[in-house]
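# An overview of the molecular structure
One letter stands for each residue in the lines below.
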Amino acid sequence: MSTPMEELHKAVADVMAAHGYGMVSRLAFVVELVDEETGDLGLLRGTSPSDMPVWSELGLHTFAIADIQAVVTADRMTNNDEED
């Protein structure tokens, strides 16, 4: 029986391959969840493989943040202010 992380890794890998992005070797994610009964917000974070060292997970998240910041900076430099 597969774990939710294995299923998520496979699902993301299948989508990436279908769009020509190549092979997914590691996956780190953060998901905002809403409790169906109370409406409370929570975070789920995880990695695939599930035994990824915490420093590797942190590195992937840090790299993603730097990439997003670069896009925002480039947009601002070209006067394409983002409303989001």
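Whatever comes next refers back to the structure up there.
Think of each chain on its own: its residues are numbered from 1, step by step along the sequence as written. Per-residue local features are limited, in this predicted model, to residues with pLDDT of at least 70; the limit for side-chain atom pairs, both in listing and counting, is 80 or more; totals at the level of whole chains, interfaces and linings are taken over all residues. Only hydrogens and water are set aside when side-chain values are computed; all heavy atoms of the structure are taken into account.

## Some details on the pattern of salt bridges
Here a salt bridge means any side-chain nitrogen of Lys or Arg lying within 4 Å of a carboxyl oxygen belonging to Asp or Glu. Scanning the entire structure with this criterion turns up two salt bridges. A salt bridge links Asp14 to Lys10, with the nearest nitrogen and oxygen atoms 2.8 Å apart. One end of the pair, Asp14, and the other, Lys10, are both in helix α1 (residues 4-18), four residues apart, so they sit about a helical turn from each other. For Arg45, the salt bridge is made with Glu57, and the minimal N-O distance between the two is 2.7 Å. With Arg45 in strand β2 (residues 41-48) and Glu57 in helix α2 (residues 54-77), this pair connects stretches of sequence that are 12 residues apart. Exposed residues in this analysis have more than 50% of their type's maximum accessible area, buried residues have under 20%, and partly exposed residues fall in between, with area computed by a 1.4 Å probe over protein chains only. Look at Arg45 and you get exposed, because its relative accessible area is 52%. Helix numbering and strand numbering both begin at the N terminus, where a helix is a DSSP run of H or I of at least 4 residues and a strand a DSSP run of E of at least 2.

## A look at a negative patch on the surface
A cluster of acidic side chains, namely Asp35, Glu36, Glu37 and Asp40, defines a negative patch on the protein surface. Along the polypeptide, Glu37 turns up in the loop between β1 (27-34) and β2. In this analysis, a patch consists of residues with relative accessible area above 30% that form no salt bridge, clustered at 9 Å for like charges and at 5 Å for the nonpolar side chains Val, Leu, Ile, Met, Phe, Trp and Tyr. The protein chains shown are the only cover counted for residues, whose accessible areas, like all others here, come from Shrake-Rupley with a 1.4 Å probe. For this count, His and the chain ends are skipped, Lys and Arg are scored as positive, and Asp and Glu as negative. Every charge is mapped to an atom, namely NZ of Lys, CZ of Arg, CG of Asp or CD of Glu.

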